[in-house]
Amino acid sequence: MGTSKTPTAYEPIEPEELERLQTIFETARYIACMSRHDPAAERLAAMAIRFYQLGIRDDDALIHTIVKTNRALRPIQA
């Protein structure tokens, strides 16, 4: 039964999806000029997973959404 369904927030993420999300996270982190050791990097990873679970499947759209949301959440630097 080869039914193709879109995963939801309640379904486990498959290993190949995690690999894809890792690449998306690394790209978003690079664009955000963020070190892997920056505590805010964890937030980027969480956003990647959550937006994916919400249905954003296009890599470019997912990266754009993560970076845009991260910029909106950053505190304004004086």
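Above: the structure in question.
These figures come from a predicted structure and were not determined experimentally.

### A look at the overall build of the protein chain
Each helix and strand counted, the protein chain has 3 helices and 0 strands in total. Overall, the protein chain shows an N-to-C arrangement of helices and strands of α-α-α. Residues counted as buried form 27% of the 78 residues belonging to the protein chain. Expressed as a percentage of contacts within the protein chain between residues at least 6 apart in sequence, the contacts between residues at least 24 apart total 53%. A total of about 5800 Å² of accessible surface is found on the protein chain, and carbon and sulfur atoms cover 58% of it.

### Let's talk about the nonpolar core
Of all hydrophobic cores here, the largest spans 16 residues; its most connected members are Leu 44, Leu 62 and Ile 66. Breaking this core down by element, the ones donating at least two residues are α1 (15-31), α2 (41-53) and α3 (59-73).

### A word on α2
Taking 1.5 Å of rise per residue, 13 residues should cover 18 Å, and α2 covers 19 Å from first to last C-alpha, within 8% of that figure. Of the positions making up α2, those classed as buried are Ala 41, Leu 44, Met 47, Ala 48, Phe 51, Tyr 52 and Gln 53. Its buried side turned inward, α2 meets α1 and α3. Count one or two residues on from α2 and you reach Gly 55, which has phi positive near 115°.

### Remarks on the pattern of salt bridges
As enumerated under the stated definition, the model contains 3 salt bridges in all. Of the charged contacts, one joins Arg 29 and Glu 26 as a salt bridge, the two residues approaching to 2.6 Å between their closest N and O atoms. Taken as a pair, Arg 29 and Glu 26 lie in helix α1 at a separation of 3 residues, close to a single helical turn. No difference in accessibility class separates Arg 29 from Glu 26, as the two residues are buried. The shortest N-O distance in the salt bridge between Arg 36 and Glu 26 comes to 3.2 Å. Taken together, the residues Arg 36 in the loop between α1 and α2 and Glu 26 in helix α1 connect sequence positions 10 residues apart. What you see here is one network of salt bridges that share partners, running through Glu 26, Arg 29 and Arg 36.

Rules used throughout
Every chain begins its residue count from 1, and numbering advances along the sequence as written. The model is predicted, so local features are restricted to residues of pLDDT at least 70 and side-chain atom pairs to those at 80 or more, both for listing and for counting; the totals for chains, interfaces and linings are taken over all residues. Each side-chain value is derived from all of the structure's non-hydrogen atoms; neither hydrogens nor water enter the calculation. We count a stretch as a helix when DSSP gives it H or I for four or more residues in a row; a strand needs E for two or more, and each element gets its number in order from the N terminus. Three exposure classes are used, based on accessible area relative to the maximum for each residue type with a 1.4 Å probe and protein chains only: buried under 20%, partly exposed in between, and exposed over 50%. The criterion used for residue contact is that any of the two residues' heavy atoms lie within 4.5 Å. Accessible surface is estimated by sampling points in the Shrake-Rupley manner with a 1.4 Å probe; for residues, cover comes only from the protein chains shown. Note on terminology: a nonpolar core comprises buried Ala, Val, Leu, Ile, Met, Phe, Trp, Tyr and Cys residues joined through side-chain atoms within 4.5 Å. Each helix should span, by expectation, one fewer than its residue count multiplied by 1.5 Å. Basic side-chain nitrogens of Lys or Arg form a salt bridge, by our definition, when they fall within 4 Å of a carboxyl oxygen of Asp or Glu.

Worth remembering: the numbers are spatial, not functional.
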